[in-house]
Amino acid sequence: MRNIMSIRTTVMLCWVTVFWGGVLIGTIHSVSLNGNGYEFTVAISEDALQLDAEQRVPFLDALKKTMTDTSKMLFDATDSKVYFKKVNILLPRAWITSTLTGAPTSTYNYLNADMRIETTMTAFDPETVVQAARSYNSKMCGQPGEYIIAPPQFFLNSNGATVKKYGDPAKVMLHEFAHYRYGVHKENGIPGMFIENGDKFPYTFKNPRGEWQLTGSNNSKIEGSYAYPEDHTRYCEYPNTPDMTGDLTDLNCRFIPDMTATTGPTTSLMFMPFLPTVTKFSDETNHDRAAPNMQNYWCRNRSTKTIISKHPDLTDLEPSDASTNTVPEFSYLLPAYQTVYIVMDTSSHTLTDDTVFNDVRTEIADKLIPQLAATSPRSFVGIATMGGTNVSSSNGRLGGYLTEIQAPIQVDNNEILLANKVNGLTRSSESGLLIEKAMLDVGEVLTNFTHLSGSIALVFKLNDITNMDEMKVESEAVHLLNSRNARLITFEYNDDSSKNVMERSTLLTGGTHFPANLNSYQTVISSVLNKTVELVRDPKFLNRRVQLLRDPFTSNSATPFRKFYTVDFVPSSIEMHFFVPVGRSSDYQILVNGTDRKTYSLASAEHVQKYSSWDRKYKIHTFTIPSTSSSTTATFMVDTTGEPLSGFYEAVEILGENVPVYVGGGGQTKNRVIDVEVYTSGKNGVLNMADIYEDPSFLIFASIRKGYSFARALKSAVATVHWPNAIQQSVSLRDDGLYPDLLEKDGTYTGFYKPTVSGIFHVSVLLDGYRRSDPLAQFNNNPSSRSIPIDQNEDSSYLEVGSTTSFQRWIPYAASLDVRLAILYKERPARIMDFRIDKYDSENQKVTFSWTSPQDSYGKNTSVASYRLVYSLYPDQIINNDGQIPETAVEVGPSTIVEGSLDPLQPFVRHSVTVNLVRDGPAPPSMYFTINSKSTSDVESYAAPMVYLIGSEPPVTTTVSKTTVTTPTTAAVTTPTTSTTTSKPTTASTAARTSTVTTKPSSTTTVSTTTVTTPTTAAVTTPTTSTTTSKPTTASTAARTSTVTTKPSSTTTVSTTTVTTPTTADVTTPTTSTTTSKPITASTAARTSTVTTKPSSTTTAQPFQPNGAQITRVSSALFYSLFSVALILISAL
């Protein structure tokens, strides 16, 4: 059978906007909301050329159908609020034909696209395509993620492969879009993970009733069976759980849902979106707050619908009419062609007069613009001027220096406009020229025009550089241009060519330098323009320079300076640049150990000292080290026999011409260059620090990937935050799972920063790979980002792990963030993420909690002011819909603490406290706990992930008596049956919750125990009469059932009552009575209500069917209950 994809032997270079050599630029994504409709952009990578030409149109049709279906599903799932109004599809240039074309765009590119289409190969078979769609979101709950990525084959669904494995592609896309846009997370557990092994997100867990169930969130039973994914006819038991004897059983066992079932749950799209009946996100009426999944862990035990409804897109948005047409408008776009950015020196000092300036201006307007219009009308041209010494940081640009800025526009139809713009340029009365500031601005302007063809910065330098106090920005400017895939073409006017300073920086970008003087400048101008037109015609340009290091050094005679560099991809060569003060005598030596095991010195042929820095303060020693056949690490040394020597050094890796460069987190690990993606917190590039709903902190994320694997460990990761006023501060980035990092060793390194002013901040990153004796940096597969298959089985193609030699990256200006209202920011103490129950002593009624003490303020080794440890029988009473502990929550008081205390300890110390908590009775209740801290500035942290004590089954009863139950709510009152407990897990994330409340004995010898059960199904009439006091339920509250059991008195009478309160139906209230409990016991957390129904003449007992799929077993409690009733009846006879 013909393969759905023709694999080509030639290397296909990916069209992307990246830091070439594997570093992506963090910018604002293109998704936007206009009214109730989203504009969404899909970018198709050049490596999708591997898709046969005859399959491209079918793929585009399938993509459009999927997005159309997703739009309608999004509309329904958000209660008619939002849908996809417009979908832009950015086509690769090679796909363009006479029948398939589009409009050129400079607004949308691969970098800011919401979804990337990229062919991803498996690790073991290079002809097999990985079909999974996936989304990346390394930010805090509620914040938008990085992007969605999927291969063409996911949409093509050849021979039904996608539907068979993942279900409806439109539902998968809705799942990924919610993760990407709204910052919600998966509600399923990860197959192969087991909670008793300490895994955070296990496939199954023991719920508050003590039953094993699948980790998830669904509002009714899911039909299915337990089987092995590779063979659904081979059934198994106890998936990922201990069996009845407590032994760990087969972790390969999975719950396989019945995809033919016509009835089933409607939630949740973040749990099992592939189920045919699932159409909604979980809300507070059906979300399982106890499930140990990513949504609860990171979103503070709140439902996905709660997080989505609080997103800025939806908070103040009115629903559309239900009949709204949700079919998107589709537009094909073409990537921007080469951009020529012209920078004219308009300063009025030192070298040139008006004649030279006017001649240059005329040549550009009369020759270059018309030639570009004739030969490359789809190209873009931008114009700016530089001159003087004024720098304005208030404009938010990197250099804050360029003036007269004309943003790049397409030459076609704008030829006259551009020519007039050039002719309108005039010389400034200001003297001075800050070339480095100008180049930083140029690099930032070209960020949105980064693509495979490359951009051209055409710089006319007509005067000397002045006011240059630092040289470090020279390196930053050069690498910034390299990262934007931009080449410099420089026209440098100076009668003394020895004073030219732009040649080296130009060559480092792969560009061409043109020196000129009074006698040659007119001829040279023509050469400059011809070279520019030539490069614009070049269909592809890829800058292969990867900046590894840039740091200062100091060496003295007693302690030489030593450091290492890396080659993390072959074939590659290394350039080492050492900046030494110009006036330094020759009392120093530089030794570079090559990866070929040779040592190179200043006397070696591989060394040259030709150039000086822009400010002429440093002479530059350059070593070019040949490539080797394997990745490796090597060292270098600077030594001196005289006075201490200080300077700078750089290490640059130059990728070989045959090295395939891809981007997007896909493909074989061993064949991929390391990708580094840098992002910041906030929404759409803006951070409102006065936000109170979610965490408004300034956070930095650096994700390190190699193919679809991620880096497990680095030696160090440091970000530099550049203020609007040029201040720089360092921030340590960590991957340790402690705030603000989401998950330990997931390849995303995170840091916190606290600005004191508003404005546009920029972020640079320096990474050092992890050095061990081998020395290897391990890359593993991250299972949390991919769409979950129907059989929940890990795709073997993802199981590859890889490694590389220790790697390094220096990434200047990788991301930016517009900070607003910084003065109103209130820093919270770090959220406690490892709160847990260490021990429960049921005999002595003691429970021991522990957690890691947080910092009062991030980065400061001071303790918080206090803690609030709270508990309840109901989880929504300790964490509200804002993810915080409500004021009414019941706290653990000092009188109940028997060991330790709640007095704060120093940060990072393990804190432990033991509490005496009464849970009397044969059926103690499930109890929920959480904790937060308060800073010395009186600001509370967010609530820790909730923990709970498991409750028992209802007790055995022997006497049945009539009961009158009263309710003030609109809830129907029925009687649930005894819950069936089994070691086999259910899929009921929202199955009945059981809680027990114990009251003090009265003056009589009767002890009453109240058991509260909250099933979602089953209706049984009530034969007995009892009374309990609880909070009124509302329509948003799931049905809760109360079972009241009275311990035998001296008369040995036992009465039992079971009451269920669903949210609808009529209720009669003939009588009312009340029972209340003391705050220190478990009953203080109980929600009380007074419920009355008409007495029923009979009692029906039936086994409770949990919401999940399980084999029903009759519990021992039910068995003995029925047996006891039978004995009573027999005795009566």
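Residues numbered from 1 in each chain as written. Predicted model: local features only at pLDDT ≥ 70, side-chain atom pairs only at ≥ 80, totals over all residues. Heavy atoms only, no water.

Caption draft 1: Representation of the overall build of the protein chain. Of the regular secondary structure elements, the protein chain holds 13 helices and 53 strands. Within the protein chain, contacts between residues at least 6 apart in sequence are counted, and of these 78% link residues at least 24 apart. (Helix = DSSP H or I, 4+ residues; strand = E, 2+ residues; numbered from the N terminus. Contact = heavy atoms within 4.5 Å.)

Caption draft 2: Molecular detail of the nonpolar core. Residues Tyr38, Phe40, Phe59, Met115, Phe155, Phe177 and Tyr182 are the most contacted members of the largest nonpolar core, which totals 62 residues. Ignoring anything within four residues of it in the chain, the contact list for Phe155 reads Phe59, Ala62, Leu63, Thr66, Met115, Ile117, Ala150 and Met173. Counting residues in each nonpolar core, the second largest holds 50 residues, with Phe701, Ala702, Ala719 and Val765 among its members. (Core = buried A, V, L, I, M, F, W, Y, C linked by side-chain atoms within 4.5 Å. Buried < 20%, exposed > 50% of the residue type's maximum accessible area, 1.4 Å probe, protein only.)

Caption draft 3: Structural context of the packing of helix 1 (residues 56–77) against helix 4 (residues 169–182). Look at helix 1 against helix 4: their axes get within 8 Å of each other, and the N-to-C directions meet at 60°. Between helix 1 and helix 4, the angle falls in the class oblique. The handedness of the crossing between helix 1 and helix 4 is right-handed. Counting all contacts with helix 1, which are made through Thr66, Asp69, Thr70, Met73, Leu74 and Ala77, the residues of helix 4 involved are Pro169, Ala170, Lys171, Met173, Leu174, Phe177 and Tyr182. (Axes fitted to C-alpha atoms, helices over the stretch in contact; angles between N-to-C directions. Parallel < 35°, antiparallel > 145°, perpendicular 65-115°, else oblique. Left-handed = near helix turned anticlockwise from the far one by under 90°.)

Caption draft 4: Inspection of a nonpolar patch on the surface at higher detail. A cluster of nonpolar side chains, namely Leu821, Ile823 and Leu824, defines an oily patch on the protein surface of about 330 Å² accessible area. When you line up the elements, Leu824 lands in the loop between strand 41 (808–820) and strand 42 (836–841). (Patch = residues over 30% accessible without salt bridge, like charges linked within 9 Å, V, L, I, M, F, W, Y side chains within 5 Å. Areas by Shrake-Rupley, 256 points an atom, 1.4 Å probe, with all protein chains shown as cover. Salt bridge = Lys/Arg side-chain N within 4 Å of Asp/Glu carboxyl O.)

Caption draft 5: Summary view of helix 4. With 14 residues, helix 4 extends 19 Å between its outermost C-alpha atoms, agreeing within 8% with the 20 Å of an ideal straight helix rising 1.5 Å per residue. Among the 14 residues of helix 4, 14 are classified as buried, and the element is accordingly described as predominantly covered. N-cap assignment for helix 4: the residue whose side-chain oxygen lies 3.0 Å from the backbone N of Ala170 is Asp168. Positive backbone phi, at 70°, marks Gly183, one or two positions downstream of helix 4. (Expected span 1.5 Å × (residues − 1). Polar contact = N/O pair within 3.5 Å; in protein donor to acceptor, adjacent residues only side chain to side chain.)

Caption draft 6: Representation of the sheet that holds strand 27 (residues 607–612) within the structure. An order of 22-30-24-28-27 is seen for the five strands of this open sheet, with the pairing classed as antiparallel. Only two strands of the sheet have a single partner each, and these edge strands are strand 22 (545–555) and strand 27. Going across the sheet, the axis of each strand differs from the next one's by a mean of 20°, ignoring polarity. The sheet contact formed by strand 27 and strand 28 (residues 618–625) spans five bridges and is antiparallel. Residue pairing for strand 28: His607 is matched across the bridge by Phe623. (Pairing = 2+ DSSP bridges.)

Caption draft 7: Representation of unusual backbone geometry. Omega for the peptide link from Thr267 to Ser268 comes to 10°, which places this bond in the cis form. Located in the positive-phi region is Asn159, a residue other than glycine, with phi close to 55°. Its location among the elements puts Asn159 in the loop between helix 2 (152–156) and helix 3 (161–166). On the basis of relative accessible area, Asn159 is assigned to the exposed category, the value being 67%. Despite not being glycine, Glu404 shows a phi value in the positive range, around 50°. Here Glu404 shows up in strand 18 (residues 403–410).

Caption draft 8: Inspection of the pairing of strand 29 (residues 632–640) at higher detail. Pairing of strand 23 (residues 561–567) with strand 29, which is carried by seven bridges, proceeds in the antiparallel orientation. When the bridges of strand 29 are listed, Arg562 appears paired with Met637.

Caption draft 9: The arrangement of the environment of Ser347 in detail. The topology assignment puts Ser347 in the loop between strand 16 (339–345) and helix 7 (354–375). Owing to a relative accessible area of 0%, Ser347 belongs among the buried residues under this scheme. Spatially, the C-alpha atoms of Ser347 and Arg427 are 6.2 Å apart, while their sequence positions differ by 80 residues. Aside from chain neighbours lying at most four places away, what touches Ser347 is Met386, Gly387, Gly388, Arg427, Ser428, Glu430, Gly432, Leu433 and Asn463. A distance of 3.1 Å separates a polar atom in the side chain of Ser347 from a polar atom in the side chain of Asn463.

Caption draft 10: Summary view of the pattern of salt bridges. Enumeration over the complete set of coordinates arrives at 29 salt bridges. Close ionic contact of Lys65 with Asp69 constitutes a salt bridge, the shortest N to O distance being 2.8 Å. One end of the pair is Lys65 and the other is Asp69, both in helix 1 and four residues apart, which spans about a single turn. The exposed category is assigned to Lys65, whose relative accessible area is 54%. The shortest N-O distance in the salt bridge between Lys310 and Asp882 comes to 2.9 Å. With Lys310 in the loop between helix 6 (304–309) and strand 15 (329–334) and Asp882 in the loop between strand 44 (866–872) and strand 45 (890–891), the pair connects residues that are 572 residues apart, well separated along the chain. Overall, Lys310 belongs to the partly exposed group, its relative accessible area being 25%.

Caption draft 11: Molecular detail of the packing of helix 7 against helix 12 (residues 521–537). Orientation of helix 7 relative to helix 12, taken along the N-to-C sense of each, is 25°, at an axis distance of 10 Å. By the angle between their axes, helix 7 is roughly parallel relative to helix 12. The two elements helix 7 and helix 12 cross, and the hand of that crossing is right-handed. Within the contact between the two elements, helix 7 uses Thr355, Val356, Asp359, Val360, Glu363, Lys367, Leu368, Gln371, Leu372 and Thr375 and helix 12 uses Tyr521, Gln522, Ile525, Ser526, Leu529, Asn530, Thr532, Val533, Val536 and Arg537. Class assignment for the residues of the contact of helix 7 with helix 12 results in nine nonpolar, seven polar and four charged. (Nonpolar A, V, L, I, M, F, W, Y, C, P; charged D, E, K, R; others polar.)

Caption draft 12: Examining the environment of Glu146 more closely. Position of Glu146 among the secondary structure elements: in the loop between strand 8 (134–136) and strand 9 (147–150). For Glu146, a relative accessible area of 1% corresponds to the buried category. Sequence separation of Glu146 and Arg181 is 35 residues, and the distance between their C-alpha atoms is 8.9 Å.

Caption draft 13: Structural detail: the packing of aromatic side chains. Enumeration over the complete set of coordinates arrives at 37 aromatic pairs. Connected via pairs of aromatic rings, a cluster forms that spans Tyr38, Phe40, Phe84, Phe177, Tyr180 and Tyr182. One cation-aromatic arrangement involves Arg234 over Tyr228; the distance from NZ or CZ to the ring centre is 4.3 Å. When the ring centre of Tyr203 is taken as reference, the NZ or CZ atom of Arg254 above it lies at 5.4 Å. (Phe/Tyr/Trp six-rings, centres within 6.5 Å; stacked < 30°, edge-to-face > 60°. Lys NZ or Arg CZ within 6 Å of the ring centre and 35° of its normal.)

Caption draft 14: Main features of the confidence of the model for the protein chain. Overall, the predicted model of the protein chain reaches an average pLDDT of 76, with 72% of residues at or above 70. pLDDT under 50 marks residues 122–126. Its contacts with residues more than four places away, or in other chains, come to 16 contacts. Below a pLDDT of 50 lies the segment residues 1083–1133, which in the model reaches 167 contacts outside its immediate sequence neighbourhood of four places, other chains included. (pLDDT = per-residue confidence, 0-100.)

Caption draft 15: Focus on the side chain of Ser703. In this fold, Ser703 is placed in strand 33 (residues 698–706). Apart from residues no more than four positions distant in its own chain, Ser703 is found in contact with Asp675, Val676, Glu677, Gly747 and Thr748.

Caption draft 16: Local environment of helix 9 (residues 435–445). Taken across its 11 residues, helix 9 has nine buried, putting it largely inside the fold. All of the buried residues in helix 9 are Ile435, Glu436, Ala438, Met439, Leu440, Asp441, Val442, Gly443 and Val445.

Caption draft 17: Geometry of the sheet that holds strand 16. Taken in spatial order, the six strands line up as 18-17-16-19-20-21 in an open sheet, and their pairing is mixed. Strands at the two margins of the open sheet, each flanked by one partner only, are strand 18 and strand 21 (512–516). Strand-to-strand twist of the sheet, defined as the mean angle between neighbouring strand axes without regard to direction, takes the value 10°. The pairing of strand 16 with strand 19 (residues 455–461) spans five bridges and is parallel. Directly across from Val343, in strand 19, lies its bridge partner Val459.

Caption draft 18: Structural detail: the side chain of Arg300. Within the secondary structure layout, Arg300 lies in the loop between helix 5 (294–298) and helix 6. Within polar-contact distance, the side chain of Arg300 engages the backbone oxygen of Asp882 at 3.3 Å.

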